[in-house]
Amino acid sequence: MRLLRLEMRRIGRTRWTVILLTLAFGLSFVMAWLPTTFSCNSYRDEEGNTVELKGMESIAYEKELQADTAGDVTPEKVRRAMEEYQACLAKYGAENSYDLPEGVYQEEILPYIPLLHGIREAFADRETGVAPAIMEIDPAEVDRYYEVCGERMVSLMKIEQKDHPAAQEAAIERYGRVEKPYRFFPGYSRDAMDYQILLAFLILLFCTVIAAPVFTSDYQTGADDILRCTKYGKVKFAATKIASALLICGVTFSLCILIYILVSNSLWGWECTKTSIQMLYSIVNLPNMDIGQFQWFLAASGLLCLLATVSFTLFLSSKFTNMAVSVAMALLFCILPVIVYMLLPAEIGSYIYSILPAGGNSLQTSMLYAAVDFDFWHIGDIAIWLPHVMLGAYVIEIPLFAGLTVYSYVRHLEK
């Protein structure tokens, strides 16, 4: 234990570690606040002047305006919103909301528009997936809202996974466990969720830079020539270095994400966390979670992803004798999932980036997008949902790369 404390103190007191950890904690506050600045609304006052609202004022205005939409998303509420929307467009002879006169959208449609989220997707053509205009949807059909959503899931999976009946069955079964009716509370934005992933990615980069020199620096300075002569200079010392790096990075990530969630939810309003994710993303998303549960799921999966990445970084550190090369290679593997995502076809790329250590906290390949998408691994007649593949990979990679690091370090000392 004393050796562990000394090693953690040694890593924690280096200049780059202090700078990066300070930056990480600072960004946790800043990035929790930034998405609130994107909100903007306007209304006309009694004198007919347009009043522009931004940031927290805009969020508060929107919450007040949409107060009647809060709670369960019942078919009755959705039908009423549909009828009012269609009546408004017919009144002004508009084909869609973009054709309405200035100010009409904010005054007549904005109060109930969240209830129409996903309505076009739910009524999309069962064969082609093409969504109709809202004016083309019969309000009477909305009485079957959740039945229609279930039918949409079946047709969507026939399109998305047409050659994989096991994936179709798995998705339909998982969606069947989603709690209905959905719930919605106004004021939240998907930007806040995106920024949680962006923060996780930045912390991943910072922790990679912290972990990359752990073994390499001793090689480069010649300190390992002394350490190899000590009583615990091999396996125990390697395990201590690994544990100290994982603890520093793991605690940093946990605290930063905790700060982000607490500050973000305090700004947007804690009631927003009870919104079903189907009301924020696809109307037929598979996870049975609300926004609050989804935030903690992303935090836990992000922590596993970070620990897997740090373990792999330590393995690279035990291999290289030059710190610049070690850091460069570690950072390359951090962005490798994005490179794979952009360069390879989706059906091949998903098999690769889903098992790369940094995949869950990268941008386009993050656990967030995997959870709201409908991708599966196909192994014979078995279909495994991509988030489950990613979580399983991280659980395996953490001890695997930690063990390989110890082995590589000991072998290096024996050379």
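Residues numbered from 1 in each chain as written. Predicted model: local features only at pLDDT ≥ 70, side-chain atom pairs only at ≥ 80, totals over all residues. Heavy atoms only, no water.

(A) Layout of the packing of aromatic side chains. Following the criterion strictly, the structure yields 14 aromatic pairs and no others. For the pair Tyr145 and Tyr146, a centre-to-centre distance of 4.9 Å together with 75 degrees between the ring planes defines the contact as edge-to-face. Judged by its relative accessible area of 15%, Tyr146 is buried. Positioned over the ring face of Phe215 is Lys241, at 5.7 Å from the centre of the ring. We note Lys274 situated over the ring of Phe185; from NZ or CZ to the ring centre the distance is 4.8 Å. (Phe/Tyr/Trp six-rings, centres within 6.5 Å; stacked < 30°, edge-to-face > 60°. Buried < 20%, exposed > 50% of the residue type's maximum accessible area, 1.4 Å probe, protein only. Lys NZ or Arg CZ within 6 Å of the ring centre and 35° of its normal.)

(B) Representation of helix α14 (residues 323-343) in the model. Between its first and last C-alpha, α14 extends 29 Å over 21 residues, near the 30 Å set by a 1.5 Å rise per residue. Of all the bends found along α14, the most pronounced is centred on Ile335 and spans about 45 degrees, while Pro337, a proline, follows it within four residues. Turning to α14, its buried residues number three or more, namely Ser326, Val327, Ala330, Cys334, Pro337, Val338 and Val340. The N-cap of α14, judged by a side-chain oxygen 3.0 Å from the amide nitrogen of Ala324 a few residues on, is Asn322. (Helix = DSSP H or I, 4+ residues; strand = E, 2+ residues; numbered from the N terminus. Expected span 1.5 Å × (residues − 1). Bend = angle between axes of the 7 residues up to and from the residue. Polar contact = N/O pair within 3.5 Å; in protein donor to acceptor, adjacent residues only side chain to side chain.)

(C) Layout of the pattern of salt bridges. Under the definition given, this model contains eleven salt bridges. Look at the salt bridges and you will find they share partners, linking Arg126, Glu141, Arg144, Glu147 and Glu151 into a network. (Salt bridge = Lys/Arg side-chain N within 4 Å of Asp/Glu carboxyl O.)

(D) Here's a closer look at the layout of surface pockets. Counted as a void, the largest pocket has a volume near 670 Å³. Forming the boundary of the largest pocket are 28 residues, of which Glu62, Gln66, Pro114, Tyr188 and Ser189 lie nearest the centre. Each residue belonging to the lining of the largest pocket can be placed in one class, and the counts come to 17 nonpolar, eight polar and three charged. Considering the residues around the second largest pocket, the lining is formed by 25 residues, among which Ala346, Glu347, Ser350, Tyr353 and Asp375 are closest to the centre. Looking at the lining of the second largest pocket, the elements that each hand over two or more residues are α14, α15 (346-353), α16 (367-371) and β5 (376-379). Of the residues forming the lining of the second largest pocket, the biggest block, six residues, is contributed by α15. Of the residues belonging to the lining of the second largest pocket, the class tally is eleven nonpolar, eight polar and six charged. (1 Å grid on protein atoms, 1.4 Å probe; cavity = no way out; pocket = protein on both sides within 12 Å on 5 of 7 lines; lining within 4 Å. Points joined across faces, edges and corners; volume = space filled by probe spheres on them. Nonpolar A, V, L, I, M, F, W, Y, C, P; charged D, E, K, R; others polar.)

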